Amino acid sequence: MSNRTDSNSYTILFAVGMVLVVGALLAFVASSLRPKIDENKRIEKQQNILYAMGVNENDESSAIFISDAEVAEVFEKYITKQLVITDGTNVEESNDAYLIDVKKEQSNAKEGKERKLPLFVGEKDGKKFYVAPIRGKGLWDAVWGYVAMDANMVVQGAYFDHKGETAGLGANIKERFFMDDFAGEHLKDASGKFVGIAISKSNADPLNNDKTDNEVDAIAGATITGDGVAAMIKSELKLYMPYFNTLKK
């Protein structure tokens, strides 16, 4: 008499059982970790928003965020409003605007659905900042950032990051020497047209003294990543221009 465990039906039932057990365990672990994952996302986004508007712990060369333990309190201190913009000028306040998934909203727009644009209004040293999250494509994968502007769409600060750019090349978009160059750069030309900021290898202003030329110096060996950041800035921040136009009225 053959062993029942040698049968095909036993093997199939055992495999199905294992899949159900493992699936249940993974679902339990994911559910258990969800609050921690959400909390980490909140901390990271709030740190990035604050960093862009100059609220950080930077030393002479390194980019250093407000600590995890302090960021919620500091965010509440400096961020006076969280806005959600739809249809260019339809604005609502929301305390959870920082939780909006920019990638998902980009997909919604491609599908013809309404896109929500989060915008964070902050005040520091008597100045008002408008911080927008942006997302694009680098050489290998996604790049993203937060750009702080004044009411004239002049950049006051920026933070950039990436998923998989090359170390020592494209990955340098998150280094101080690159991000700091954006402070003071104009997103509009002299006529008031939105043009963004080019990242140029042929930039005639390597010290970045001219803040009205709409360009910064490129990172050596990272042309495609730089082009991706420039395209991200132009396509994403242009969406906010109708709102900024209302600030002039």
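We now turn to the structure provided with this report. This is a predicted model, so every value here is computed, not measured. (Residues numbered from 1 in each chain as written. Predicted model: local features only at pLDDT ≥ 70, side-chain atom pairs only at ≥ 80, totals over all residues. Heavy atoms only, no water.)

1. Considering unusual backbone geometry
Right, so step 1: With phi around 55°, Asp 125 is a residue other than glycine that occupies positive phi space.
Right, so step 2: Tracing the chain through its elements places Asp 125 in the loop between strand E3 (117-124) and strand E4 (127-137).
Right, so step 3: Its relative accessible area of 69% is what places Asp 125 among the exposed residues.
Right, so step 4: Of note, the phi angle at Asn 214 is positive, near 60°, even though the residue is not glycine.
Right, so step 5: The topology assignment puts Asn 214 in the loop between strand E7 (198-200) and strand E8 (215-217). (Helix = DSSP H or I, 4+ residues; strand = E, 2+ residues; numbered from the N terminus. Buried < 20%, exposed > 50% of the residue type's maximum accessible area, 1.4 Å probe, protein only.)

2. Observations concerning the pattern of salt bridges
Right, so step 1: Applying the stated criterion across every chain, the model contains six salt bridges.
Right, so step 2: Note that Lys 124 and Asp 125 form a salt bridge whose closest N and O atoms lie 3.4 Å from each other.
Right, so step 3: Measuring nitrogen to oxygen at the nearest pair gives 2.8 Å for the salt bridge that ties Arg 176 to Asp 180. (Salt bridge = Lys/Arg side-chain N within 4 Å of Asp/Glu carboxyl O.)

3. So, the nonpolar core
Right, so step 1: If you look at the biggest cluster of nonpolar residues, it comprises 37 residues, and the most contacted ones within it are Phe 160, Phe 182, Leu 187 and Leu 237.
Right, so step 2: If near-sequence neighbours (up to four positions away) are discounted, Leu 187 is found in contact with Met 149, Met 153, Val 155, Lys 193, Phe 194, Val 195, Gly 196, Ile 197, Asn 214, Ile 233 and Leu 237.
Right, so step 3: Of all hydrophobic cores here, the second largest spans 21 residues; its members include Ile 43, Ile 49, Val 84 and Val 131. (Core = buried A, V, L, I, M, F, W, Y, C linked by side-chain atoms within 4.5 Å. Contact = heavy atoms within 4.5 Å.)

4. So, the environment of Leu 99
Right, so step 1: Tracing the sequence through the fold places Leu 99 in the loop between strand E2 (90-93) and helix H3 (102-110).
Right, so step 2: Distance in space between the C-alpha atoms of Leu 99 and Lys 41 is 8.2 Å, their sequence separation being 58 residues.

5. So, the packing of aromatic side chains
Right, so step 1: On inspection of all chains with the given rule, the structure shows ten aromatic pairs.
Right, so step 2: With 5.3 Å between their ring centres and 65° between their planes, Tyr 51 and Tyr 159 make a pair best called edge-to-face. Residue Tyr 51 is located in helix H1 (residues 8-52), and its partner Tyr 159 is located in strand E6 (residues 155-162); the two are separated by 108 residues in the primary sequence.
Right, so step 3: Summarising the aromatic geometry, the rings of Phe 75 and Tyr 98 are spaced 6.0 Å apart at their centres and angled 65° between planes, so their arrangement reads as edge-to-face. In this pair, Phe 75 is assigned in helix H2 (residues 71-78) and Tyr 98 in the loop between E2 and H3, connecting sequence segments 23 residues apart. Neither Phe 75 nor Tyr 98 differs from the other in exposure class; each is buried.
Right, so step 4: Among the aromatic residues, those joined into a cluster by ring pairs are Tyr 51, Phe 65 and Tyr 159. (Phe/Tyr/Trp six-rings, centres within 6.5 Å; stacked < 30°, edge-to-face > 60°.)

6. Describing the side chain of Asn 48
Right, so step 1: Mapped onto the fold, Asn 48 is located in helix H1.
Right, so step 2: Residue Asn 48 is classed as buried on the basis of its relative accessible area of 3%.
Right, so step 3: Residue contacts for Asn 48: discarding those within four places in its chain leaves Phe 65, Tyr 146 and Tyr 159.

7. Considering H2
Right, so step 1: Every buried residue belonging to H2 is among Val 71, Val 74, Phe 75 and Tyr 78, and all of these are buried. Down the axis of H2, the smallest arc covering the buried residues is 105°, so these residues share one side. Along H2, exposed side chains directed more than 90 degrees from the buried face belong to Glu 73, Glu 76 and Lys 77. (Arc of directions from axis to C-beta.)

8. Points about the side chain of Glu 165
Right, so step 1: Tracing the chain through its elements places Glu 165 in the loop between E6 and helix H4 (176-179).
Right, so step 2: Buried charge Glu 165 goes without a salt bridge, the closest partner of opposite sign being Lys 137 at 6.0 Å.
Right, so step 3: Engagement of the side chain of Glu 165 in a polar contact is seen with the backbone nitrogen of Asp 141, the distance being 3.4 Å.
Right, so step 4: With residues up to four places along the chain from it excluded, the contact list for Glu 165 reads Gly 138, Leu 139, Trp 140, Asp 141, Val 143, Gly 170, Ala 171 and Thr 225. (Lys, Arg positive; Asp, Glu negative; His and termini not counted. Polar contact = N/O pair within 3.5 Å; in protein donor to acceptor, adjacent residues only side chain to side chain.)

9. A look at a negative patch on the surface
Right, so step 1: Side chains of Glu 57, Glu 70, Glu 73 and Glu 76 sit close together on the surface and give a patch of like negative charge.
Right, so step 2: Structurally, Glu 73 is set in helix H2.
Right, so step 3: By relative accessible area, which is 64% here, Glu 73 ends up exposed. (Patch = residues over 30% accessible without salt bridge, like charges linked within 9 Å, V, L, I, M, F, W, Y side chains within 5 Å. Areas by Shrake-Rupley, 256 points an atom, 1.4 Å probe, with all protein chains shown as cover. Charge placed at Lys NZ, Arg CZ, Asp CG, Glu CD.)

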